[in-house]
Amino acid sequence: MKITKLFILICIAVGLQEIDAQENLTYQLPPESILRLADFERAPQVVIDSNNENMLFSYRSTYKSLADLNQQEISLAGLRVNPVTNISSSITYVNNLKVRKVNGDEPVQVKGLPANPRLTYLTWSPDESKVAFAHNTGEGIELWVMDFETVTAKKLTEARVNANLGNPFNWYRDSQSLLVRLLPENRPNLIDSKNALPEGPIISVSDGSKAQNRTYQDLLKNPTDEANFVTLTTSELYRVQLDGTRSLFKAADMYANENFSPDGSYVLITTIQRPFSYIVPISRFPQLNVVYTSQGDAVKIISEVPLTEVLPKGFMAVRTGIRAISWRSDEPSTLCYAEAQDEGDPQKEVEFRDALYLWKAPFTDKPELLTKTKLRFAEIIWGNANTAVLQEEWYDTRMRRLSIIDPAKPEKAPRLFNERNFQDIYADPGYFETKKNEYGKYVLAMDGNKLFLIGEGHTSDGQYPFIDALDIKTLKTNRLYQSAYTDKIEEIFDFTNVKTGEVLVRLQSKNEYPNYFIRNLKRRIAPVQITHFPNPFASIEHVYKEVIKYKREDGVELTGTLYLPEGYDREAKKEKLPLLIWAYPAEYKDKNSAGQSTANPNEFTFPYYGSFVYWVTRGYAVLDDAAFPIVGEDKEEPNDTFVEQLVANAKAAIDAVDALGYINRKKVAVGGHSYGAFMTANLLTHSDLFACGIARSGAYNRTLTPFGFQREQRNYWEAQEVYNAMSPFMHADKMKIPMLLVHGEADNNPGTFTLQTERYFQALKGLGAPARLVILPKEMHGYVARENILHLLWEQDRFLEQYLK
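Our subject in this report is the structure included herewith. (Residues numbered from 1 in each chain as written. Predicted model: local features only at pLDDT ≥ 70, side-chain atom pairs only at ≥ 80, totals over all residues. Heavy atoms only, no water.)

Bringing the overall build of the protein into the picture now. If you tally the helices and strands in the protein, you get nine helices and 52 strands. Taken over C-alpha atoms, the radius of gyration comes to 28 Å for the protein, in line with the 28 Å a tight globule of 805 residues would show. Dimensions of the protein, computed from C-alpha atoms along their principal axes, come out at roughly 80 × 75 × 60 Å. Considering the protein as a whole, with its 805 residues, one finds that 56% of them fall into the buried category. Sequence separation of 24 or more characterises 59% of the internal contacts of the protein that already satisfy a separation of 6 or more. Carbon and sulfur atoms provide 48% of the accessible area of the protein, an area that totals close to 35,300 Å². Distance between charge centres in the protein, computed from 91 positive and 103 negative side chains, equals 1 Å. (Helix = DSSP H or I, 4+ residues; strand = E, 2+ residues; numbered from the N terminus. Rg over C-alpha atoms; globule rule 2.2 N^0.38 Å. Buried < 20%, exposed > 50% of the residue type's maximum accessible area, 1.4 Å probe, protein only. Contact = heavy atoms within 4.5 Å. Areas by Shrake-Rupley, 256 points an atom, 1.4 Å probe, with all protein chains shown as cover. Lys, Arg positive; Asp, Glu negative; His and termini not counted. Charge placed at Lys NZ, Arg CZ, Asp CG, Glu CD.)

Take a look at the structure:
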């Protein structure tokens, strides 16, 4: 058996054992107490149909394997696909399916599944009698369908399905056929880009227009890339019947999306067009949106979207022209779209930001104005001819508005129902309940003049999920139900029957695995349990867990979830424990919302590689998900005082746990992933609060992301001092605290190139800082392979044992 080795660079602090070289290791396993938790069997995902009749259980492996990642891959225009199988190289597969009646007992195994199932894109038919799915054979993608009545699956196509641009099939309205993207019969071979001789230099031109784009990965680089991109994205569209017969619907093109009208009479098809770009990904390439009949006859060109390399600055910037095209779900075949009234530029002062239009098939008449929005259009939830909910928002002020509109009377102004800072979670009115209509599309659930809102129910005193009824005439709400649990969390999903008052909920506690129940709001009976998943983490069910509240020096309220080892004497407090803090910074525009918390001590304790919870079994105190708000009020931007606020957050957290008498404050470590890694490096550089830190998949030099990062909208030349002050790379000479740096070899996240960690480590090593670099083979921004994750836990454990114990 071939043993894959990790490539690890090491630089150990002066005064300890000195190593200044590479270390070749085979994969290691963490200590038994951690391995027992990490190596668990994942419970299946559960989906229940809208009639509350059938349940689908989909099973997948807890982790992928390194062999799963060790596949052919080509990266073009922001895509990463396997050119052999023609599907995303990072997609996750289901390996088994079972079904059950909601009122049944044990799930029933689906018969006829392919050998070694690798299933994805599970898609229910409009009548919910079947589920279509793609199966990866290793040589290509097949289309399959499963029937609930017979509990049997069968193959509909050979391995010719093209999933390079996402879900490759859509159900027809009749639930008897699907529109499927298949590879062309005469598809050309891909060009070997590494060995192909260029016919000339690569030239890009700046015409004087400002194109302040984020730092994107995997862009096109040359004409060979362009040719391969066309080959990979080109498909033929076929109508495939359930007996496997098929007929050509549309000839070969770069099909990106197909969307049937609610009545199934029309289909809106989006194709990718030329010219391509070397500075933006596929989402900004030209597109053509055309409506066809369900038989494939062209009806109307809806929009021709140009290449969008240039956008105004800001998160609220959008392109000009028709955008956000979708079918109105409560009518047979009416399109709705938005058009910017400010030329897409958030810096322009205008009365209205967007206008929304309706356009009825067959599109012979002109589009009709539906309404205009004061903020940027976000979405519409359709109800019926006279009722819809309009959502608009503006990032700079964190403002979100919900209004009731009458689509039949566009002259009537929207009636504002709720306006709030969307980060003010305590004022969240909830989300609107929806149900399927006669077209099989989700619309507002209505009972006379009432709409229904389901809220998570976060308050300063705890979490109490609720259901409200909203009277659309008075715009007043009436609370129908509020969870009263103080020892559990009751998540409310949706109504299974509005008339009878039955709702689907999920109950959990810190030691009870989340399971589904049916609650009846009109009958005072206990919820009826419909799933019975066991707790796979019984070995930590007796650890102490508490959400602690504390304040930063400036009065901002903070929280974190504190874990203490099983058996720790909280009264005597004789043993002072080392403390691990795991966190991720978040930006806010006001101290009130920054001080709010969603932490709940009754949330099921689900340890995973993205936190330090495992180490409670190793004798550490753990403060998980510690609040690290970065606040910029009024005209001040959060990042203007980023480092100062990081240090203040960290000091408040350590002070709070130390005040409880549990820890040795000289033995505290901090860790984080992505922006949390950026946080960690800054804390080790600019404070003496920590004995060591673990930074995973971060970015450390902000000059390499000069046109913004995370939630920063200013470019480097507008805020040079901020960019430089926030960049640990610029202050590497100050870093003297041991740090474990980890990064995925194939990180695909914008801004966190693997190069960021490699260059930062080189700076630390060159300046004599104590650091260790671990590059995880084949991993992207999040880690998925069992071998890599278990080795990561071993690395972290060894590092913490060395520098804290």
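Moving on to the pairing of strand S18 (residues 255–260). Examined bridge by bridge, S18 and strand S19 (residues 266–272) share five bridges and lie antiparallel to one another. Following the sheet pairing, Phe260 is matched in S19 by Val267. Adjacent in sequence and paired antiparallel, S18 and S19 are bridged by five residues, among which Gly264 carries a positive phi angle near 80 degrees. (Pairing = 2+ DSSP bridges.)

Next up on the list: the sheet that holds strand S13 (residues 152–155). Within the open sheet, the four strands sit side by side as S10-S11-S12-S13. Their pairing is antiparallel. This sheet does not close on itself; its edge strands, each paired only once, are strand S10 (119–124) and S13. When strand polarity is set aside, the average angle formed by the axes of neighbouring strands in this sheet is 25 degrees. As paired strands, strand S12 (residues 141–147) and S13 are joined by four bridges and run antiparallel to one another. Counterpart to Val145 in the pairing with S13 is Lys154. (Axes fitted to C-alpha atoms, helices over the stretch in contact; angles between N-to-C directions.)

The next subject is the environment of Ala699. Of note, Ala699 is situated in the loop between strand S50 (692–696) and helix H7 (720–726). For the pair Ala699 and Ala681, spaced 18 residues apart in sequence, the C-alpha to C-alpha distance is 9.6 Å. The contact partners of Ala699, leaving out residues within four places of it in the chain, are Phe678, Gly751, Thr752 and Gln756.

What follows deals with helix H3 (residues 223–233). Within H3, eight of the 11 residues are buried, which leaves it mostly tucked inside the rest of the structure. Of all the residues in H3, the buried ones are Thr224, Asp225, Glu226, Asn228, Phe229, Thr231, Leu232 and Thr233.

In this section: the nonpolar core. In terms of nonpolar packing, the biggest core is built from 63 residues, with Ile581, Leu623 and Phe690 touching the most fellow members. Among the elements that take part in this core, helix H5 (residues 642–659) stands out by supplying nine residues, more than any other. Excluding residues within four positions of it along the chain, Ile581 makes contact with Phe612, Leu623, Ala626, Phe628, Ala653, Ile654, Val668, Ala669, Val670, Gly671 and Phe690. In this structure, Phe40, Ile540, Leu580 and Leu800 belong to the second largest nonpolar core, which totals 48 residues. (Core = buried A, V, L, I, M, F, W, Y, C linked by side-chain atoms within 4.5 Å.)

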